[in-house]
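Listed below are the residues making up each chain.
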Amino acid sequence: MTMSVELPATLDQPEAARAAPPSSARLRRYARPALGLLLPVGLALLWEVWVWLGYSNGRLVPPPTRIFATVMELAKSGELSRHIITTVARVAAGFGLGVVAGTILGAVSGYWGLARQLLDPTVQALRAIPSIAWVPLFILWLGIFETSKIALIAVGVFFPVYLGVMGAILAVDRKIVEVGRVFRLSGPAMIRRILLPAVLPAYVVALRVGLGLGWMFVVAAEFMGASEGLGYLLIDGQQLGKPAQIVAAIVIFAILGKTTDWLIEIAAAPLLRWQDAFGRQGGGA
């Protein structure tokens, strides 16, 4: 007499087939980024119709068609690409310097109590200084050319990265560290296997905040006698009374800022794949 056990159908299927998301889930995943365009595109269409119906002349706040025509005019003349490349290069240089300095000092202050007591009060005091207050000092120290502009952007990036790294290290669960000590992990192993994974999510957020401030500080930097860059387009549009050029530069700032923020998200996604967080399930219950 023999006994046979029938396994459920789901257990007989290959692992890859069970793990494959349904077509509706894939559709939602691809459609989710498009949802973010609904609000700006809807507002732009509404304003375009509002001006077309004659409720506004669109002089101070130009409609999207006029802004698009201004962008195309700048692109055809070659000015737009030159200004974009200059601004992106400044943000990239300042962001790199600010991230390196903020990461190193934030890690030292978070990991070493004595360093935190020595450095953190001064850093927090400097963080309260408005960005515009640095402009005359940097011009006096570094001149009016690229060095002062990159230094100002680096200052804007430094503080959120420093604060994010230090705060993330201080917030690491003590029980996890104790587990590492029980297993007699060395200092480098403790950092690599315990601290780094615990700090990484907050570090990515700090990078995104620092990048956003870098894009904000580049405008102040390009007010310092710049002859190229999107900030120069803003000043030029103000002085010549071209609101369409001002709004076009603002829209380009928004597109570049969102694109670079998206690139950080994409680069960090493989490193954060281990997270079992609420937000990774689509934000729903």
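Residues numbered from 1 in each chain as written. Predicted model: local features only at pLDDT ≥ 70, side-chain atom pairs only at ≥ 80, totals over all residues. Heavy atoms only, no water.

1. Details of the overall build of the chain
- Scanning the chain for helices and strands turns up 13 helices and zero strands.
- Across the chain, helices and strands are ordered from the amino to the carboxyl terminus as α-α-α-α-α-α-α-α-α-α-α-α-α.
- The 285 residues of the chain split such that 32% are buried.
- Once local pairs closer than 6 in sequence are excluded, the contacts in the chain between residues at least 24 apart make up 69%. (Helix = DSSP H or I, 4+ residues; strand = E, 2+ residues; numbered from the N terminus. Buried < 20%, exposed > 50% of the residue type's maximum accessible area, 1.4 Å probe, protein only. Contact = heavy atoms within 4.5 Å.)

2. Quick notes on the side chain of Gln-245
- Note on placement: Gln-245 falls in helix H13 (residues 243–268).
- Among the polar contacts listed, one links the side chain of Gln-245 to the side chain of Asp-236, at a separation of 3.0 Å. (Polar contact = N/O pair within 3.5 Å; in protein donor to acceptor, adjacent residues only side chain to side chain.)

3. A few points about the environment of Ala-115
- The topology assignment puts Ala-115 in helix H7 (residues 113–127).
- Judged by relative accessible area, Ala-115 falls into the buried class, the value being 5%.
- When the C-alpha atoms of Ala-115 and Leu-105 are compared, they prove to be 8.9 Å apart, with ten residues separating the residues in sequence.
- Apart from the residues within four sequence positions on either side, Ala-115 is in contact with Val-108, Ser-109 and Asp-120.

4. Looking at the layout of surface pockets
- Of the pockets and cavities examined, the second largest pocket occupies roughly 330 Å³.
- Lining the second largest pocket we find 14 residues, and of these Ile-169, Arg-174, Val-177, Arg-181 and Leu-195 sit closest to its centre.
- For the lining of the second largest pocket, the secondary structure elements donating two or more residues are helix H6 (79–111), H7, helix H9 (146–170), helix H10 (174–182) and helix H11 (187–222).
- The residue makeup of the lining of the second largest pocket, split by class, is eight nonpolar, two polar and four charged. (1 Å grid on protein atoms, 1.4 Å probe; cavity = no way out; pocket = protein on both sides within 12 Å on 5 of 7 lines; lining within 4 Å. Points joined across faces, edges and corners; volume = space filled by probe spheres on them. Nonpolar A, V, L, I, M, F, W, Y, C, P; charged D, E, K, R; others polar.)

5. Here's the deal with a nonpolar patch on the surface
- Where nonpolar side chains cluster on the molecular surface, the patch consists of Val-100, Ile-104, Leu-105, Val-108, Tyr-111, Trp-112, Leu-114, Leu-118, Leu-119 and Ile-191 and spans about 930 Å² of accessible area.
- Looking at the nonpolar patch, the elements that each hand over two or more residues are H6 and H7.
- The element that contributes the greatest number of residues to the nonpolar patch is H6, accounting for five residues.
- Along the chain, the position of Leu-118 falls in helix H7.
- Residue classification places Leu-118 among the exposed positions, given a relative accessible area of 61%. (Patch = residues over 30% accessible without salt bridge, like charges linked within 9 Å, V, L, I, M, F, W, Y side chains within 5 Å. Areas by Shrake-Rupley, 256 points an atom, 1.4 Å probe, with all protein chains shown as cover. Salt bridge = Lys/Arg side-chain N within 4 Å of Asp/Glu carboxyl O.)

6. Observations concerning the packing of aromatic side chains
- Across all of its chains, the model carries five aromatic pairs by this definition.
- Clustering of aromatic rings is evident, with ring pairs tying together Phe-158, Phe-159 and Tyr-162. (Phe/Tyr/Trp six-rings, centres within 6.5 Å; stacked < 30°, edge-to-face > 60°.)

7. Comments concerning the nonpolar core
- One finds Leu-152 and Tyr-203 to be the most contacted residues of the largest nonpolar core, which totals 50 residues.
- Counting residues per element, this core draws most heavily on H11, which supplies 15 residues.
- Contacts of Tyr-203, omitting those with residues within four sequence positions, involve Val-99, Thr-103, Val-161 and Val-165. (Core = buried A, V, L, I, M, F, W, Y, C linked by side-chain atoms within 4.5 Å.)

8. Comments concerning the side chain of Thr-87
- On the secondary structure map, Thr-87 appears in helix H6.
- The class of Thr-87 is buried, set by a relative accessible area of 0%.
- Sequence-distant contacts of Thr-87, that is, excluding residues within four places in its chain, are made with Trp-215, Val-218, Glu-222, Gly-229, Leu-230 and Phe-253.

9. As for the packing of H6 against H13
- Between H6 and H13, the least distance of the axes is 12 Å, while the angle of their chain directions is 45°. Overall, the two elements H6 and H13 adopt an arrangement that is oblique. Where H6 crosses over H13, the handedness of that crossing is right-handed. Facing H6, whose interface residues are Leu-80, Ile-84, Thr-87, Val-88 and Phe-95, H13 presents Ile-252, Phe-253, Leu-256 and Ile-264. (Axes fitted to C-alpha atoms, helices over the stretch in contact; angles between N-to-C directions. Parallel < 35°, antiparallel > 145°, perpendicular 65-115°, else oblique. Left-handed = near helix turned anticlockwise from the far one by under 90°.)

10. What about the confidence of the model for the chain?
- Per-residue confidence for the chain averages 83 on the pLDDT scale, and 85% of its residues sit at or above 70.
- Of all helices and strands in the chain, the one with the weakest mean pLDDT is helix H1 (residues 9–12) (44), whereas H6 scores best (93).
- Taken as a whole, residues 1–20 scores under 50 in pLDDT and shows four contacts with residues more than four places along the chain or in a different chain. (pLDDT = per-residue confidence, 0-100.)

11. Focus: the pattern of salt bridges
- Under the defined criterion, the tally for this structure stands at eight salt bridges.
- For the salt bridge of Glu-146 with Arg-90, the shortest nitrogen-to-oxygen distance reads 2.7 Å. Pair noted here: Glu-146 is in helix H9 and Arg-90 is in helix H6, with a separation of 56 residues, a long-range link.
- On the basis of relative accessible area, Glu-146 is assigned to the partly exposed category, the value being 36%.
- A salt bridge links Arg-208 to Glu-265; the shortest N-O distance between them is 3.7 Å. In this pair, Arg-208 sits in helix H11 while Glu-265 sits in helix H13, placing the two residues 57 residues apart along the sequence.
- Judged by relative accessible area, which is 32%, Arg-208 ranks as partly exposed.
- By relative accessible area, Glu-265 is classed as partly exposed at 33%.
- Through salt bridges with shared partners, one network takes in Arg-208, Lys-258, Asp-261 and Glu-265.

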